[in-house]
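# Summary of the model geometry
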Amino acid sequence: AIDFMDTTFRSMYQGLGLFLQASQKRRDLLLGQRQPMHDARYDKAIRQAKDDFQRITQKALAAKDYFLPVGPPGTGKTSMALRSMVDAFHQRGKQILLLSYTNRAVDEICKMLGKLSVDYLRIGTSAACAEPYRSHLLEQQVTTCTNRREVLQLLERCSIFVGTVSTLSARTSLFIIKHFDVALIDEAT
């Protein structure tokens, strides 16, 4: 049996291997040797945004490398800014990966997605998922599939995937099947 230490070290070694395989430009970005780049075509929209949440969304759309909204608790980063970013990326047909560190936080993201009325798949188990969101669990959705082709179609058809960082770290095979245009990580610190 694989224990926690084995999987933790395996993940760290895989991450180190991926870092070493990355281009010099990517390594410089990750090490803070160069500033993250953005698309200057969004500058006007950023200046003209009618509120902070629209401004944050425009900055996220403009980001070519990464974008980090930072603010104290209770300022609407998850409830408003994340919702606005998901809506904007979804309207542009982007494949979106939404992550957080706790299942409770992922439940909150699922609640927000319900308000947007968008389809999503949650990666995880029913034991870690609040009842209202269990119908979106991948393990629940695949029960209607009769073969592997239908499972692949389900994964291809869905453009929003949600889960915890640790759950996705343990299921990296998803990244072989699915490519994501953007990853939004709530409470990334």
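Note that the structure is a prediction, hence the values are computed from the model and not measured. (Residues numbered from 1 in each chain as written. Predicted model: local features only at pLDDT ≥ 70, side-chain atom pairs only at ≥ 80, totals over all residues. Heavy atoms only, no water.)

## Thoughts on the pattern of salt bridges
Selection criterion: We define a salt bridge as a side-chain nitrogen of Lys or Arg found within 4 Å of a carboxyl oxygen belonging to Asp or Glu. Exposure classes here rest on a 1.4 Å probe applied to the protein chains alone. A residue is buried below 20% of its type maximum, exposed above 50%, and partly exposed in between. What counts as a helix is a DSSP run of H or I of at least four residues, what counts as a strand is a run of E of at least two, and both are numbered from the N terminus.
Tallying each qualifying case throughout the model produces 6 salt bridges. A salt bridge links D39 to R41, with the nearest nitrogen and oxygen atoms 2.5 Å apart. For R41, a relative accessible area of 72% translates into the label exposed. Between E108 and R104 there is a salt bridge whose closest N-O contact spans 2.9 Å. One end of the pair, E108, and the other, R104, are both in helix α6 (residues 103-116), 4 residues apart, so they sit about a helical turn from each other.

## A closer look at the packing of helix α5 (residues 77-91) against α6
Condition: With axes taken as lines fitted to C-alpha atoms, and helix axes fitted only over the stretch in contact, angles between N-to-C directions fall between 0 and 180 degrees. Oblique is the label for every angle not falling under 35 degrees (roughly parallel), over 145 degrees (roughly antiparallel), or within 65 to 115 degrees (roughly perpendicular). Note on convention: near helix rotated counterclockwise from far helix by under a right angle means a left-handed crossing. Clockwise means right-handed. We call two residues contacting when some pair of their heavy atoms lies within 4.5 Å. Amino acids outside the nonpolar list (Ala, Val, Leu, Ile, Met, Phe, Trp, Tyr, Cys, Pro) and the charged list (Asp, Glu, Lys, Arg) are all regarded as polar, and Gly is one of them.
Interaxial distance between α5 and α6 falls to 10 Å at its minimum, and their mutual angle equals 55 degrees. It follows from the interaxial angle that α5 and α6 lie oblique. Between α5 and α6 lies a crossing of right-handed hand. Contacts from L82, R83, V86 and D87 of α5 reach α6 at I109, M112, L113, K115 and L116. For the contact of α5 with α6, a count of residues per class yields 6 nonpolar, no polar and 3 charged.

In short, shape yes, function no, at least from these values alone.
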